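What follows is each chain in one-letter form.
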Amino acid sequence: MNFVSISIKNFRNFEEIQIELANKNVFFGLNDIGKTNFLYALRYVFDKDIRKLNLLDSDYHNKKIDNPVEIIITLDISDAICIDNQKLRARLGGALLSSHNKVYIKLVAEYDKKELIGIPILYWGGDSNNLREMKQRGYLYEIDYVVNVLYIDSYVDLNSLFKKNVNSLIKNESDVDKKVLERIQQTIIKLNSHISSLSGIKEFEKKVTPEYKKFRNENVSISIKSEIAVKGLYSNIVPYIKQDSDSNLYPTAGEGRKKLLAYSIFDIISDEYAETKINLFLVEEPENHLHKSMQIALSQILFTDEKYKYLFVTTHSPFVLYEMESVNLVRIYNETKINSASTFYKVPKEYKKNRKMLNRGLSEAIFADRVLLVEGPSELMLFEKVLSCINPFYEADGTYILAVGGIGFEKYFVILDKLNIDNVIKTDNDLRYVKSTKTYSLLGFSRCNKIIDERLLPTKRIKENSIAAKKKLYAHNITQLNEIRDDYKVFLSKCDLENDLDEVLHSELVKYLNTEDAVAYLQDAKHYNMVKLVEKLTDTDCRKIYNHYNFACLKAVML
């Protein structure tokens, strides 16, 4: 079974939206933008506990109660071998022909102005234009017999979760257990008898009986009995977390540990239904109460454990995404109304071993509104310094600088483009020596052509590799380079970072670095020497850099 898409109309903050889905999905965006509402759209379709609450007028977009709420989920069930597909086909019966490879599940809720509620009605089938109304038994629909929803909210209550599911989590079925349970029952009977015989209880019985007879003179008396365990054997058991080296049990544990234990319990609950139902995990902001390291550990479980086969996660944390693989990234954002953009992300084969490093940069970038992609740490340090001077809160305002670790821009900008995240690229005007012809290929020009997917810049090789040759090459093609800047937000250096910077602040660099050849000095030990320079740059220096043609990429990403 594969999730294909969902369309939502007139539900909460969604006027009309269509989102492509996969079996693992991550929803992200600013607060109050609709991530939780999206999960609720799924819950109204699949979760009987939410659906039976019906809909209020506030569940209709801008309270437009004259229009129905409509939610349609499309599933691909073309794989005949898939067990989950077989479960669905068996339940759908006549609503699905053998030739149908997709299932459409539709919720419609007309608002009843007399009852002041919207009652959801479910339909399904293999033909989107001819769906059959689902059979209903009480508040259970047919879908409830085949799909099991595990909703994990951001502040999951461990004790409530445990008590709600304790009878299914703990089972005593061995012969030894039966004997122990008999002894427990006898002990409880004796304990209740002892409690009832206490003098205080007997004295109370003597006092309350005549008081009762004042209201009604009957041949009765009031008796107080202890009923420990009357609510069940497990009504008072509580899970604790203890250190292996310490035999003591403490009444509380950190919220982070409690949350991880709650996830462990959900795992066990899902196992109970794995054979008969399709487990659907809806997880809201799993990062709450978890340290960075625990978020990364949880990421590995969510995105690599086969148990979380069908997963929908909302998050604000890049750490939760460090282990993401084969996941659909969905960005929900707001212009004049709620919009979304989604793309399927799979770690490229060449990055499998370094997935965490690749995901780290990408997962931080997708939470921004505008991203400046640069080649390495030198650009990152310099540009962070400059933008911090121009706007100390540039990151809070949605701008992010990402060093791609070389010239591998494509794996980032392709994802960012699909998510409608504005991105700007700054790259060097590199030349590469071609030994067979003793010439130099225009590597930087070719890179720009590839990024924009159009051959606007020449690629004919030249015979000289020097700063003068690079600047001459740039000057001869400045019209096309400016066009690429304006149309594609790709900014090629005249030479490279250090030479371009020297053109802007030559005398300052000589002074700050105490050398006549500042470019060579910066290029000799790039990371270390750039740190030294950045510490000495003044606000005036930063503004000169920001306003110079060589570094127009900074203005482009701030607009």
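Residues numbered from 1 in each chain as written. Predicted model: local features only at pLDDT ≥ 70, side-chain atom pairs only at ≥ 80, totals over all residues. Heavy atoms only, no water.

Visitor: What am I meant to see in the overall build of the protein here?
Guide: When its secondary structure is counted, the protein shows 19 helices and 20 strands. On the principal axes, the C-alpha backbone points of the protein span a range of 115 × 60 × 50 Å. A total of 559 residues make up the protein; the buried ones form 47% of that total. Long-range contacts, defined here as pairs at least 24 residues apart, represent 67% of the contacts in the protein between residues at least 6 apart. (Helix = DSSP H or I, 4+ residues; strand = E, 2+ residues; numbered from the N terminus. Buried < 20%, exposed > 50% of the residue type's maximum accessible area, 1.4 Å probe, protein only. Contact = heavy atoms within 4.5 Å.)

Visitor: Would you take a moment to explain the pairing of strand β1 (residues 2-11) for this structure?
Guide: Along a regular strand, successive side chains alternate from one face of the sheet to the other. For β1, the tally of buried residues reaches seven of 10 residues, placing the bulk of the element in the interior. As defined by bridge partners, β1 adjoins strand β4 (residues 69-76) across seven bridges and the pair is classed as antiparallel. The residue of β4 that forms the bridge with Phe3 is Leu75. Pairing of β1 with strand β2 (residues 14-20) involves six bridges; the strand directions are antiparallel. Looking across to β2, one finds that Ser5 is bridged to Glu20. Between β1 and β2, which pair antiparallel and follow one another directly, the connecting turn spans two residues, one of which, Arg12, has a positive phi of 50°. (Pairing = 2+ DSSP bridges.)

Visitor: Mind showing me how you'd approach the sheet that holds strand β6 (residues 117-125) here?
Guide: Strand pairs in the sheet, formed through backbone hydrogen bonds, run parallel or antiparallel to each other. Across the sheet, which stays open at both edges, the six strands sit in the order β2-β1-β4-β5-β6-β7 with antiparallel pairing between neighbours. The sheet is open, and its two edges are formed by β2 and β7 (132-133), each paired on a single side. One ladder, built from eight bridges, connects β4 with strand β5 (residues 102-112); its direction is antiparallel. The partner of Glu70 across the bridge, within β5, is Val108. Most of the contacts of helix α3 (residues 83-92) go to β6, to which it runs at about 105°, and overall it touches β4, β5, β6 and β7. (Axes fitted to C-alpha atoms, helices over the stretch in contact; angles between N-to-C directions.)

Visitor: Is there a simple way to think about the packing of aromatic side chains in this case?
Guide: In this description, a pair of aromatic rings is defined by centroid distance and the angle of the planes. Tallied over the entire structure, the rule returns 14 aromatic pairs. Residues Phe319 and Tyr322 carry aromatic rings whose centres are separated by 5.5 Å and whose planes lie at 75° to one another, so their mutual orientation is edge-to-face. For Tyr322, a relative accessible area of 1% puts it in the buried group. Ring centres of Phe383 and Phe551 lie 6.0 Å apart, and the angle between their planes is 75°; this geometry places the pair in the edge-to-face category. In this pair, Phe383 is assigned in helix α10 (residues 377-390) and Phe551 in the loop between α18 (539-547) and α19 (552-558), connecting sequence segments 168 residues apart. With a relative accessible area of 0%, Phe551 lands in the buried category. Put simply, the rings of Phe3, Phe27, Phe38, Phe46, Tyr310 and Phe312 touch in pairs and so form one group of aromatic residues. Seen from the ring of Tyr151, Arg43 lies directly overhead, with NZ or CZ sitting 3.7 Å from the centre. For Arg485, the ring lying beneath its charged end belongs to Tyr549, and the centroid distance is 3.8 Å. (Phe/Tyr/Trp six-rings, centres within 6.5 Å; stacked < 30°, edge-to-face > 60°. Lys NZ or Arg CZ within 6 Å of the ring centre and 35° of its normal.)

Visitor: What am I meant to see in the UniProt feature "domain: OLD protein-like TOPRIM" (unreviewed entry) in the protein here?
Guide: Listed under "domain: OLD protein-like TOPRIM" (unreviewed entry) in the UniProt record, and renumbered for this structure, are residues 366-430. Between the first and last C-alpha atoms of residues 366-430 the distance is 28 Å; the span itself is 35% helix and 25% strand. (UniProt positions renumbered as here; feature names shortened; annotations may be inferred.)

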